[in-house]
Amino acid sequence: MSIVRMKKLRVIAIRDQRDDLRRALVHWGRGQGHEPEEMLSAPDTAALRRPERAGLMNARNRQAEVQSAIKILERYAPMKKKLLSSRPEVRETEFLDGEARERDYALAQKLNEWDGQLKRIAADESRLRAEIESLRPWEALDAPLSGAGTKTCGGLLGTAPAETDMAAVKEAVEQVCQEAELMLVSEDEQQHCFIVITLRQEMAAVEEALKDAGCGQAAFPGETGTAMEGIAAREQQLAELAAQKSDITAQVVEQGPQAPNLRLTADRLTTEVARAEASERLRGTDNIVALEGWCPAPDMERLEEALGKLDCAWEFSDPEPEEYPDVPVKLQNKKLVQSMNVITEMYSLPAYDGVDPNALMFPFFILFYGIMFADMGYGLLMLIIGIVAKTKVKPRGGAGHLMTLMILGGISTFVFGALTGGFFGDFLPQLAAVINPDTTFTAMPSLFTPLDDTMMILIGSLVLGVIQIFTGMIVSVVHKCKNHEFLSALFDEVAWWYILIGAVLAFMGVPWLLVAGVVLLVVGQFVQKKSFIGGLTGLFGAIYNGVTGYFSDILSYSRLMALMLAGSVIAMVFNTLGAMTGNVVVFIIISLIGNALNFGLNLLGCFVHDLRLQVLEFFNRFYKDGGKAFKPLTVNTKYVDIIKEEI
């Protein structure tokens, strides 16, 4: 277990080799770069300029186009996906194939063009359908919608709400122009559609009369024929658009098999974006560029080898203590212990000058999880889920660590389930009793059971709590001694060891260790506070906080017993409910539903409570948080996994 030692990296390179420098950094993924702050703040380097952002913007635009093309294919030509499948692996030479990238990008542009055409067709179809609907009420009118008439007569198209008295409207029109004629064209539950034939010199007066009667005027600009002719023309246009849409859609669907290539190119362009962002961190003049960052000490030799192939100068140095808050943190552990990264990152990474808690936490976390879940059936389910996910899906990063935790937690759960005789609670004995009421199989073999040995389990839980708390205190003492903080270790941890262990021995008639611990605690407060009043108040605070703190922390571990008991009882309740029916099929259905709910509840509940014990009861003994994650210049692909090769 360790926090990887970091080296500060400074690089100056010829501007012409800027792309080669960023390519090397991204390829090896061993450096975390940023702008050289000291150089930028110096008065004599004020002329340094940032590189052009056009490259980064272009890379992002190309990436967005390919992502859009992928979504288009998913919409028009979806491919069947296997329920459990891992991401394809691609060799780095194939991944960096520039010709394939440009070919796929050209296809993406074509797909986006087709999608734009389809969207325009859809908009035109919506417009034409809306126009057809507006013409439908006038379909029976055998006259031009433009209102054209003779030299002396013309027509007005009007509409009125459905509740309008059309006889009154007709009367109002005739009062204005005796020669006017109002003819109803159509009516429905929403409106009346009509035409008024009138003399041209009276048309303005008729319009005013219609307005006063609450009618509106219908206008169809650009329409020269009848409504039926307009509808027929638009239906013809819709048919032509449908044919175009079908042809374009067929071309899009034909490109469906190219989806994997487009996904690969999307990741290729992610690489371009990463490289362009790396260039953004370079600062320099017209001739040189500069970069400052961090490199893990174990990778320094490999990175020097890559930089040695370029015309650049570089320097590695150890960070100063005042720089520790800014030094990125990388944890280095064995494969199984790496699964604890999920817990650490969920809380907070340790500070660069702190302690990596993963290896210390690992045995406790797995042990506690098994104690709380403690069921062979649930353990088998966790094992199956974890192993299938690891072998089929092959998740990476946090998801991969979670699946490893699932497997390890499943093993621990199965072991403690075997010790307590739990297999989906008392599923097997209850099933045997339903099948044969006279069966002698009433319980699974067990070393102890949650219901019968509750006090023993509680004491064991508290003992485990004491062991973990003492482990945290030991880590704190070791760390303080390494930092030459001997007095702090003596007065803060060793004194309480004497007090806690001495309190137990005092009941056995051996009080001297307790007395020694109290003396150390008293002396420590006066030495550290350096005043009588400060030492006295500090003493009272230390005694109160120490006694209540240690008592409450140790008592928190009773949740190990509580969750074991709760999970066992819930499973037994559902099994009993199913057994009360006396029917095997109904028993199995009720038991499966209940155990599924219990499994889901405890899968999360045990994780949360286990996490709480680690970060609140264990970490507060020694943990110094606030670390910043080490984020090297590398490629995080979405669709494929890259097999690294030498370049």
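These remarks concern the structure in this document.

Basis of the calculations
Sequence order sets the numbering: in each chain, residues are counted from 1 along the sequence as written. Only residues with pLDDT of at least 70 get local features here, since the model is predicted, and only at 80 or more are side-chain atom pairs given and counted; chain-wide, interface and lining totals rely on the full set of residues. In computing side-chain values, all of the structure's heavy atoms are included and hydrogens and water are not. Runs of E in the DSSP output that reach at least two residues are strands. Runs of H or I that reach at least four are helices, and both are numbered from the N terminus. Exposure categories follow from relative accessible area, calculated using a 1.4 Å probe and restricted to protein chains: below 20% of the type maximum is buried, above 50% is exposed, and the middle band is partly exposed. We call two residues in contact when some of their heavy atoms are within 4.5 Å. Method for areas: the Shrake-Rupley scheme with a 1.4 Å probe, in which residue coverage is limited to the protein chains shown. Residues counted as positive are Lys and Arg, residues counted as negative are Asp and Glu, and His and the chain ends are not counted. A side-chain nitrogen of Lys or Arg and a carboxyl oxygen of Asp or Glu constitute a salt bridge if their distance falls within 4 Å. Two N or O atoms count as a polar contact when they lie within 3.5 Å, although within protein this holds only if one can serve as hydrogen donor and the other as acceptor, and sequence-adjacent residues are included solely when both atoms are side-chain atoms. Two strands pair if DSSP finds at least two bridges between them. Where helices are involved, their axes are fitted lines through C-alpha atoms of the stretch in contact, as for all axes, and angles between N-to-C directions lie from 0 to 180°. Orientation labels follow simple angle bins: below 35 degrees gives roughly parallel, above 145 gives roughly antiparallel, 65 to 115 gives roughly perpendicular, and whatever is left gives oblique. Following the grouping adopted for this structure description, the nonpolar residues are Ala, Val, Leu, Ile, Met, Phe, Trp, Tyr, Cys and Pro, the charged ones are Asp, Glu, Lys and Arg, and the polar ones are all others, Gly among them. For our purposes a nonpolar core is just a set of buried Ala, Val, Leu, Ile, Met, Phe, Trp, Tyr and Cys residues, chained together by side-chain atoms within 4.5 Å. Only a pair of cysteine sulfur atoms within 2.5 Å counts as a disulfide in this structure description.

**Considerations on the overall build of the chain**
Phase 1 of the analysis: Summing up its helical and strand segments, the chain has 21 helices and 15 strands in all.
Phase 2 of the analysis: Among the 647 residues that make up the chain, the fraction classed as buried is 45%.
Phase 3 of the analysis: Summarising the internal contacts of the chain: among those between residues at least 6 apart in sequence, 81% fall at separations of at least 24.
Phase 4 of the analysis: Carbon and sulfur atoms form 60% of the exposed surface of the chain, whose accessible area is close to 33,700 Å².

**Brief notes about the side chain of D426**
Phase 1 of the analysis: Tracing the chain through its elements places D426 in the loop between α14 (397-420) and α15 (427-435).
Phase 2 of the analysis: Here D426 occupies a buried position and makes no salt bridge, while the nearest side chain of opposite charge, R559, is found at 25 Å.
Phase 3 of the analysis: Within the local environment of D426, its side chain forms a polar contact with the side chain of N575, the two groups lying 3.0 Å apart.
Phase 4 of the analysis: Beyond its immediate stretch of four places on either side in the chain, D426 contacts A571, M572 and N575.

**Observations concerning the pairing of strand β2 (residues 6-14)**
Phase 1 of the analysis: The pairing of β2 with strand β10 (residues 288-296) spans nine bridges and is antiparallel. Paired with K7 across the bridge in β10 is C295.
Phase 2 of the analysis: Bridge analysis of β2 against strand β11 (residues 312-317) gives six bridges, and the strand direction is antiparallel. The partner of L9 across the bridge, within β11, is F316.

**Some words on the packing of helix α20 (residues 559-579) against helix α21 (residues 584-618)**
Phase 1 of the analysis: Contact geometry of α20 with α21 gives a least axis separation of 8 Å together with a crossing angle of 170°. Relative to α21, α20 is oriented roughly antiparallel.
Phase 2 of the analysis: When the residues that make up the contact of α20 with α21 are grouped by side-chain class, the tally is 12 nonpolar, 10 polar and two charged.

**What to know about the nonpolar core**
Phase 1 of the analysis: Residues M340, I343, F365, F368, L560 and F622 are the most contacted members of the largest nonpolar core, which totals 55 residues.
Phase 2 of the analysis: Of all the elements in the fold, those that place two or more residues in this core are α12 (358-373), α13 (376-393), α14, α16 (454-482), α17 (486-506), α19 (532-556), α20 and α21.
Phase 3 of the analysis: Look past the residues within four positions of F622 in its chain and what remains in contact with it is V355, P357, L360, G472, V475 and S476.
Phase 4 of the analysis: Among the nonpolar cores identified, the runner-up in size contains 39 residues, and A108, W114, L118 and F220 belong to it.

**Examining the sheet that holds strand β7 (residues 191-199)**
Phase 1 of the analysis: Spatially, β6-β7-β5-β8 is the arrangement adopted by the four strands of the open sheet, whose pairing is antiparallel. Edge positions in the sheet fall to β6 (181-187) and β8 (216-217), since each of these pairs with one other strand and no more.
Phase 2 of the analysis: Relative to β7, strand β5 (residues 153-161) runs antiparallel, the two being bridged by nine bridges. Within β7, the position partnered with L156 by the bridge is V196.

**Observations concerning the state of the cysteines**
Phase 1 of the analysis: For the structure shown, the criterion picks out zero disulfides.
Phase 2 of the analysis: Note on C153: no disulfide assigned, nearest cysteine sulfur contributed by C177 at a separation of 8.5 Å.

**Description of the environment of V329**
Phase 1 of the analysis: Position of V329 among the secondary structure elements: in strand β12 (residues 328-329).
Phase 2 of the analysis: Each C-alpha atom of the pair V329 and D356 lies 9.9 Å from the other, and the pair is 27 residues apart in sequence.
Phase 3 of the analysis: Apart from residues no more than four positions distant in its own chain, V329 is found in contact with I3, L349, P350, A351, Y352, G627, K628, A629 and F630.

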